[in-house]
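# Descriptive structure summary
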Amino acid sequence: FFRVGVGSRGESFHPHADNFVVYVVSLELVYLLFYHLDTYFCPVDDSCVVAPLDASSSASAELIRQLVLILIEFPVKVAAGFACNAMPIGDHVVSSLTISQLDAPLRAAGFTTMPLPMGEFLKAAGGLRCLSLPLGEVLHRIRAPRNAEA
């Protein structure tokens, strides 16, 4: 399942979908502040997503509601502080200070928020996810150096 944002700075990915063995879902961003998908849409795990759906087209909002098992919706004002530009790590969601405004619904879904001051980075339109390089599945493929002791 591959999510692609389209809008003021993107175009549909569907013409390229045949090159990959994935299901592509295009989500139209209509609120110009959100120029990348990760600024308004955050998959916390395989079943939970946080997103301000009023930042997307009505068709995209309906599609998200159909596809996502646990959807935590919140106002655009909270997302403007880059709450969605987060890094889910296990049952923790690390993000800017605005993630604390989602503490109650995330806690109800089994997650703990970890708000961090991102002021200088937010001035450059970047959040915690933008400053991260998630390795996830890559880590299990990293082998010890050949000369390492057993």
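Residues numbered from 1 in each chain as written. Predicted model: local features only at pLDDT ≥ 70, side-chain atom pairs only at ≥ 80, totals over all residues. Heavy atoms only, no water.

## Here's the deal with the overall build of the protein
Let me state the cut-off plainly: Where helices and strands are cited, they refer to DSSP runs of H or I of at least four residues and of E of at least two residues respectively, numbered from the N terminus. Only protein chains enter the area calculation, which uses a 1.4 Å probe; residues under 20% of their type maximum are buried, those over 50% are exposed, and those in between are partly exposed. To be clear on the numbers: accessible area is Shrake-Rupley with a 1.4 Å probe, and residue cover counts the displayed protein chains and nothing else.
If you tally the helices and strands in the protein, you get four helices and eight strands. When each of the 150 residues of the protein is scored for burial, the buried share is 38%. Accessible area for the protein stands at about 9200 Å²; split by element, carbon and sulfur atoms hold 58% of it.

## Quick notes on the pairing of strand β5 (residues 70-73)
Inclusion rule: When DSSP finds two or more bridges between a pair of strands, those strands are recorded as paired. Looking down the strands as they point away from the viewer, one classifies a crossover as right-handed if the path from the first strand across the helix to the second runs clockwise.
Bridge count between strand β4 (residues 48-51) and β5: four bridges; the pairing is parallel. From the neighbouring strand, C48 faces β5, where its bridge partner is I70. In the classification by handedness, the crossover that spans β4, the intervening helix α1 (residues 58-67) and the parallel β5 is right-handed.

## As for the packing of aromatic side chains
Note on aromatic pairs: each is described by the distance of the centres and the angle between the planes. The condition that has to hold: Between 30 and 60 degrees the pair is tilted, below 30 it is stacked and above 60 it is edge-to-face, where a pair is any two Phe, Tyr or Trp rings, Trp via its six-membered ring, whose centres lie within 6.5 Å.
Within the structure shown, the criterion is met by three aromatic pairs. The interplanar angle of 35° and the centroid separation of 6.2 Å between the aromatic rings of F34 and Y40 together place this pair among those described as tilted. Here F34 matches Y40 in class, with each residue buried. With centroids separated by 6.4 Å and ring planes inclined at 50°, the aromatic side chains of Y40 and F41 adopt a geometry described as tilted. Assessed through its relative accessible area of 0%, Y40 is described here as buried. Following the ring pairs from residue to residue traces out a cluster consisting of Y31, F34, Y40 and F41.

## Looking at the sheet that holds strand β8 (residues 112-116)
Put simply, the rule is: Each axis is a line fitted through C-alpha atoms, and for a helix only the stretch in contact is used; angles between axes span 0 to 180 degrees, taken between their N-to-C directions.
Pairing is mixed in the open sheet, where three strands are placed in the order β6-β7-β8. Sheet topology places β6 (87-89) and β8 at the edges, where each strand pairs with a single neighbour. Neighbour-to-neighbour, the strand axes of the sheet open up by a mean angle of 25°, direction not taken into account. Where strand β7 (residues 92-96) lies against β8, five bridges are found, and the strand directions are parallel.

## A look at the confidence of the model for the protein
The line we're drawing: Scored from 0 to 100, pLDDT reflects the predictor's confidence in each residue. Only heavy atoms matter for contacts: two residues are in contact if any of them lie within 4.5 Å across the pair.
Summing up the model confidence of the protein, the mean pLDDT is 80 and the portion of residues at 70 or higher is 74%. By mean pLDDT, the top-scoring element of the protein is helix α3 (residues 103-108) (97), and the lowest-scoring one is strand β1 (residues 2-6) (48). Confidence drops under a pLDDT of 50 for residues 1-6, and excluding neighbours within four residues, the segment shows 29 contacts in the predicted structure.

## A few points about unusual backbone geometry
Look at F82: it is not a glycine, yet its phi comes out positive at around 65°. By the secondary structure assignment, F82 is in the loop between α2 (76-79) and β6. Residue F82 is classed as buried on the basis of its relative accessible area of 8%.

## Some details on the environment of L33
Looking at the secondary structure, you find L33 in the loop between β2 (24-28) and β3 (42-43). Note: C-alpha distance between L33 and A125 (92 residues apart in sequence) is 9.6 Å.

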